[in-house]
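Per-entry structural report
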Amino acid sequence: MIIVLKPGTSREQVEHFSADLEKRNGVKVNAWYGEHSTVLGLLGDTAGVDIEAIQANELVESVKRVQEPYKKSNRKFHPDDTVIDLGHGSAIGGGRLAIIAGPCSVESEDQIADIAREVKGAGAAFLRGGAFKPRTSPYAFQGLRAEGLELLRHARAKTGLPIVTEIMSPAHLILFEDVDIIQVGARNMQNFELLKELGKCDKPILLKRGLANTIEELLMSAEYIMASGNDRVILCERGIRTFETMTRNTLDISAVPILKKLSHLPVVVDPSHASGHSWLVEPLAMAAVAAGADGLIIEVHNDPPHALSDGAQSVTPDEFRRIASHVEEVAGVFGKTLSRRDDQE
Ligand code: PEP
Ligand code: MN
């Protein structure tokens, strides 16, 4: 971290301020005295340094971070890719392409079981399905809640597919004990109390980027989970809010190579929530794979017009089969194979 002091700061003030910074932050401070102003360089771990408190000091002209504020998710300190391996072929990261597929919401025992069977047959390695749904309207379907989790467990028992489902409150953690991957939705990316609680659990967390959050904020949210003790985080780009109205969100495709460069955590793309239209899912999925995504999370419904949520962006099982085979071809160009569930239970 570099601090530029205002012209006219006396040597005594510099020494006093430097000593205070060292004491408060456990860093080493070097000072360069120039003709007009003095520059301080903070060496050591500056992740916990409160930049705003420094900016508020009357001696300070400007402050700049030269080190990223995230450590545990930072590729600099962990060059190798993190692989989330749930066994039997279901792995995310490490040179394979993992597909998570299933309905937006779990609606009934038959619905989730049928879709699970279909997506597994087409190449999905994980089953998604929302039981607790974050809906814009309180009058919209809110999910089957605990019953939805139970139906997901049934579908897993039938297909072997590990289940991925969203949590909205730390109070529900007790119900998620048997879930394989816990999803944090876009709306909760900065629910810091939830992130801290998930940091204490032993399950992988699929962390979605918030609607209006930067890439660095996504990494800082991953850092919350990791700093609390859970290193198994999967990052998910699901589109951000822009002025564009043709799509539900704007898929930030550049986030994929940027996240892969900055972090060792696996990166998954959600072309369904990014686009809002089922016909757009395939091209966005292929673009995501070409950009280096480790996985995709795709909404699939057996009867999209009657889906209880997100029908317009849900693809049918037939469409999903085609998408899976096309993304597999794209992955092949980059030497990646599909992460496929094997049935040797
Ligand atoms: C979902 O996956 O169904 C969902 C609500 O996604 P997001 O949080 O990205 O909107
Ligand atoms: Mn959805």
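On a predicted model such as this, the values are computed, not experimentally measured, just so you know.

**Here's the deal with the site of ligand 1**
- Near ligand 1, the surroundings consist of 13 residues, among which Arg128, Ala186, Arg187, Lys208 and Arg238 are the closest.
- Here Gln183 contributes a side-chain N or O atom positioned 2.9 Å from an oxygen atom of ligand 1.
- Between an oxygen atom of ligand 1 and a side-chain N or O atom of Glu299, the distance comes to 3.4 Å.
- Here the residues of the shell around ligand 1 are counted per class, giving three nonpolar, three polar and seven charged.

**What about the coordination of the manganese ion (ligand 2)?**
- Coordination of the manganese ion (ligand 2) by the protein involves Cys104 (SG), His273 (NE2), Glu299 (OE) and Asp310 (OD), with metal-donor separations of 2.1 to 2.4 Å.
- In primary sequence terms, the donor set of the manganese ion (ligand 2) follows C-x168-H-x25-E-x10-D. Taken together, the residues His273 in helix α8 (residues 271-275) and Asp310 in the loop between β14 (295-299) and α10 (317-333) connect sequence positions 37 residues apart. Comparing His273 with Asp310, the two get one shared label, buried.

**Describing the pattern of salt bridges**
- Counted according to the given criterion, the structure contains 20 salt bridges.
- Close ionic contact of Glu237 with Arg209 constitutes a salt bridge, the shortest N to O distance being 2.8 Å. In this pair, Glu237 sits in strand β12 (residues 233-237) while Arg209 sits in the loop between β11 (205-208) and α6 (215-227), placing the two residues 28 residues apart along the sequence.
- For Glu237, a relative accessible area of 1% puts it in the buried group.
- Arg248 is the partner of Asp310 in a salt bridge, and the nearest nitrogen-oxygen pair spans 3.1 Å.

**Focus: the environment of Leu206**
- Of note, Leu206 is situated in strand β11.
- For Leu206, a relative accessible area of 0% puts it in the buried group.
- Residues Leu206 and Thr165, 41 residues apart in the sequence, show an inter-C-alpha distance of 9.0 Å.

**Some thoughts on the environment of Glu68**
- Within the secondary structure, Glu68 is located in the loop between β4 (60-64) and β5 (84-85).
- Look at Glu68 and you get partly exposed, because its relative accessible area is 22%.
- When sequence neighbours within four positions are dropped, the list of residues in contact with Glu68 reads Asn74 and Lys76.

**Remarks on helix α5 (residues 192-199)**
- Of the residues making up α5, those classed as buried are Leu194, Leu195, Leu198 and Gly199. Each buried residue of α5 lies within a common arc of 140° when the element is viewed along its axis, so the set occupies one face.
- Tucked into the core, α5 has its buried residues touching β9 (163-167), β10 (181-184), β11 and α6.

Calculation rules
- Residues numbered from 1 in each chain as written.
- Chains lettered and ligands numbered in written order.
- Predicted model: local features only at pLDDT ≥ 70, side-chain atom pairs only at ≥ 80, totals over all residues.
- Heavy atoms only, no water.
- Near = heavy atom within 4 Å.
- Polar contact = N/O pair within 3.5 Å; in protein donor to acceptor, adjacent residues only side chain to side chain.
- Nonpolar A, V, L, I, M, F, W, Y, C, P; charged D, E, K, R; others polar.
- Donors = N, O, S within 2.8 Å, 3.2 Å for Na, K, Ca; no water.
- Helix = DSSP H or I, 4+ residues; strand = E, 2+ residues; numbered from the N terminus.
- Buried < 20%, exposed > 50% of the residue type's maximum accessible area, 1.4 Å probe, protein only.
- Salt bridge = Lys/Arg side-chain N within 4 Å of Asp/Glu carboxyl O.
- Contact = heavy atoms within 4.5 Å.
- Arc of directions from axis to C-beta.

Remember, this is a structural readout, not a statement about activity or role.
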